[in-house]
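Listed below are the residues making up each chain.
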Amino acid sequence: MSSTSADAVSGHRWRADLIIAAAVLILSSVWATQFWNTWTEQGGQPEFYQIYFEPAVMIACGKGFVIAEHQPKVLEDFLWRRRDRLSCADLPPDLKLGDRGLYQEAWTYLQYTVGYAWRILGISWSGMGPLFGLFFGVVTVLAYAIFRIGMVRWLAVICTAGLATSSLQLLNLPHLRDYSKAPFTLGLVLILGLLVTRPVRRRTVLALAVAYGAVLGFGYGFRTDLLVNLPVMVVALFAFLDGGLAKNLVVKSVATALFLATFFLVSWPVASAVYKKGGCQWHVALLGLQSPFESQLRLTPAPYDFGYAYADGYVIRGVQGFAR
């Protein structure tokens, strides 16, 4: 086959996959929106720490990433879900705003995403279906792309349909704070898959490294859990790139530098605030060191432990007690 014919076949395949991906995105987004609306109408209660979303309300009202110095009753009722809807006109005109006591910077990008969604959809808990649907649609189309790395098209479609109808995924969907990790996690997996299955070309490797840093940096502003993916790119570059460990060391080193620089640049609004005010990484680390995980990991218990319960309140009280 001539190179021209090969390029034509390759272009046809890409167009077919793009058409399928677009259909998957639209259909799965609509399906998930309908599921979320039905689930909530039937009494389902999403849990994603809604009381923390005051900055998103202010963003929706065009006031920026701020909170009220003294939270008005109407805003308190909305955040505690004693009322479903809120209008910017409901906020007192003389409301004093600022960043004193603002602790939601670790969720900066999540707050902006919800805030801009509310600006379009209206500030309402029950009206967030399209946003949840979009998250679900992105997850599903990314899954299709990952499946296509190692599968023929028809099998990738079947696997994608299975994921889209999975009760486990659908029941996780309403919990926005934790479900929002999914599109970023699958995006990172897709980038790694492309990196290790393609021939080493400098531009491609560097572009994928930048993309990985951008996705991880933006995702960090949704959930700090995504930091676990920070070393994975470096391991993939040096250990799994086509050609083995000793080849393409210059490209690998430059790609690592670009990845880290992009990550720190994109995540800086979040990372700088966490550096100044602290975050929850210590809390999560202590939760992971609780003794119930020893049996799950099949580890022999040590003569000491860091605690016996995977519970936020238990760890917080323990640390406060030692501090006193």
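Look up a bit, the structure's there.
Cut-offs applied
Residues numbered from 1 in each chain as written. Predicted model: local features only at pLDDT ≥ 70, side-chain atom pairs only at ≥ 80, totals over all residues. Heavy atoms only, no water. Helix = DSSP H or I, 4+ residues; strand = E, 2+ residues; numbered from the N terminus. Contact = heavy atoms within 4.5 Å. Disulfide = S-S within 2.5 Å. Buried < 20%, exposed > 50% of the residue type's maximum accessible area, 1.4 Å probe, protein only. Salt bridge = Lys/Arg side-chain N within 4 Å of Asp/Glu carboxyl O.

K.L.:
Honestly, the side chain of Thr 33 in this entry has me stumped. Any pointers?
P.N.:
Topologically, Thr 33 is positioned in helix α1 (residues 3-41). When near neighbours in sequence (up to four residues on either side) are disregarded, Thr 33 contacts Gly 129, Pro 130 and Gly 133.

K.L.:
Explain the state of the cysteines to me, please; I cannot follow it from the model alone.
P.N.:
By definition, a disulfide links the sulfur atoms of two cysteines through a covalent bond. Under the criterion given, the structure shown has 1 disulfide. Bridging Cys 61 to Cys 88, the disulfide has an S-S length of 2.1 Å. Sign of the S-S torsion, about -95° for the bond between Cys 61 and Cys 88, identifies this disulfide as left-handed. Here Cys 61 is found in the loop between α2 (54-60) and β1 (67-68), whereas its partner Cys 88 is found in the loop between β2 (85-86) and β3 (97-98), with 27 residues between them in sequence. On the basis of relative accessible area, Cys 61 is assigned to the buried category, the value being 17%. The class of Cys 88 is partly exposed, set by a relative accessible area of 34%.

K.L.:
Help me understand the pattern of salt bridges in this model?
P.N.:
Here the idea is simple: oppositely charged side chains can pair when their charged atoms come close. One pass over the structure, following the stated rule, counts 12 salt bridges. When the shortest N-O distance is used, the salt bridge between Arg 177 and Asp 178 registers 3.3 Å. Among the ionic pairs, Arg 223 bridges to Asp 178, the shortest N-O distance being 3.2 Å. Here Asp 178 lies in helix α8 (residues 176-179) and Arg 223 lies in the loop between α10 (202-220) and α11 (230-240), a separation of 45 residues in the sequence. Accessibility expressed as a relative area gives 34% for Asp 178, which makes it partly exposed.

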